[in-house]
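Examination of the molecular architecture
Here are the chains, one letter per residue:
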Amino acid sequence: MRSRPPSVTIAVILLALLSLPNLASPLLPVEGIPAFVIYLGVVLGVCGLISAAGLWTLRKWSIWLAIVVSALNLLSAAPGITAAPNAALQVAATVTVVVSALIIVLVVLPSSRRA
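It should be emphasised that the depicted structure is a prediction, and the values quoted were computed from it without experimental measurement.

Attention shifts here to a nonpolar patch on the surface. Taken together, the side chains of Leu-20, Leu-23, Val-46, Ile-50 and Trp-61 make up a nonpolar region of the molecular surface, amounting to roughly 440 Å² of accessible area. For the nonpolar patch, the elements supplying multiple residues, two or more each, are helix H1 (6–24) and helix H2 (35–56). Checked against the element boundaries, Ile-50 lands in helix H2. The exposure class assigned to Ile-50 is partly exposed, which follows from its relative accessible area of 44%.

Moving on to the environment of Ala-88. Of note, Ala-88 is situated in helix H5 (residues 87–108). Residue Ala-88 is classed as exposed on the basis of its relative accessible area, which comes to 58%. Ala-88 sits 49 residues away from Tyr-39 along the chain, and the two C-alpha atoms are 20 Å apart.

Ranked by internal contacts, the top residues of the largest apolar core, which has 18 residues, are Leu-15, Leu-55, Ile-103 and Val-107. At the level of secondary structure, the elements contributing two or more residues to this core comprise H1, H2, helix H3 (60–77) and H5. A per-element tally of this core places H1 first, with 6 residues. Sequence-distant contacts of Ile-103, defined by excluding residues within four places in its chain, comprise Ala-11, Leu-14, Leu-15, Leu-18 and Ser-70.

To continue, consider the side chain of Asn-22. Looking at the secondary structure, you find Asn-22 in helix H1. Residue Asn-22 is classed as buried on the basis of its relative accessible area, which comes to 17%. When residues no more than four places from it in sequence are discounted, the contact partners of Asn-22 are Gly-41, Val-42, Leu-44, Gly-45 and Asn-73.

Next up on the list: the packing of H1 against H5. Across the interface, H1 lies against H5 with an axial gap of 9 Å and an inter-helix angle of 150°. What the angle tells us is that H1 and H5 run roughly antiparallel. For the crossing formed where H1 meets H5, the hand is left-handed. In this structure, H1 uses Ser-7, Ile-10, Ala-11, Leu-14, Leu-15 and Leu-18 to contact H5, whose residues at the interface are Thr-96, Val-99, Ser-100, Leu-102, Ile-103, Leu-106 and Val-107. Each residue belonging to the contact of H1 with H5 can be placed in one class, and the counts come to 10 nonpolar, 3 polar and no charged.

About the cut-offs
Residues numbered from 1 in each chain as written. Predicted model: local features only at pLDDT ≥ 70, side-chain atom pairs only at ≥ 80, totals over all residues. Heavy atoms only, no water. Patch = residues over 30% accessible without salt bridge, like charges linked within 9 Å, V, L, I, M, F, W, Y side chains within 5 Å. Areas by Shrake-Rupley, 256 points an atom, 1.4 Å probe, with all protein chains shown as cover. Salt bridge = Lys/Arg side-chain N within 4 Å of Asp/Glu carboxyl O. Helix = DSSP H or I, 4+ residues; strand = E, 2+ residues; numbered from the N terminus. Buried < 20%, exposed > 50% of the residue type's maximum accessible area, 1.4 Å probe, protein only. Core = buried A, V, L, I, M, F, W, Y, C linked by side-chain atoms within 4.5 Å. Contact = heavy atoms within 4.5 Å. Axes fitted to C-alpha atoms, helices over the stretch in contact; angles between N-to-C directions. Parallel < 35°, antiparallel > 145°, perpendicular 65-115°, else oblique. Left-handed = near helix turned anticlockwise from the far one by under 90°. Nonpolar A, V, L, I, M, F, W, Y, C, P; charged D, E, K, R; others polar.

What follows is the structure, given as structure tokens:
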């Protein structure tokens, strides 16, 4: 059995924590956010959890899925840094962008790719 590097474990935790709120986004009363962004978040949440499970079991396809999901999360949250309707959503968008970028960095590290 292959050992899981710490960078992969951290990426799995961050990806799961980033994906769970995306699943709950349609239940939150938020005005000013386009419906497309909310439903894209749900799809990204499901794909993120699938990718986290794949990373946990060290599947090769999960690295690419994690990169795509994190990049799409980053791109969908980036406009919210300045255009979100309130300060709490601006902070959430900023955190999403930073964590998504961190996940991409963690999964492309050489130790993660070798695993």
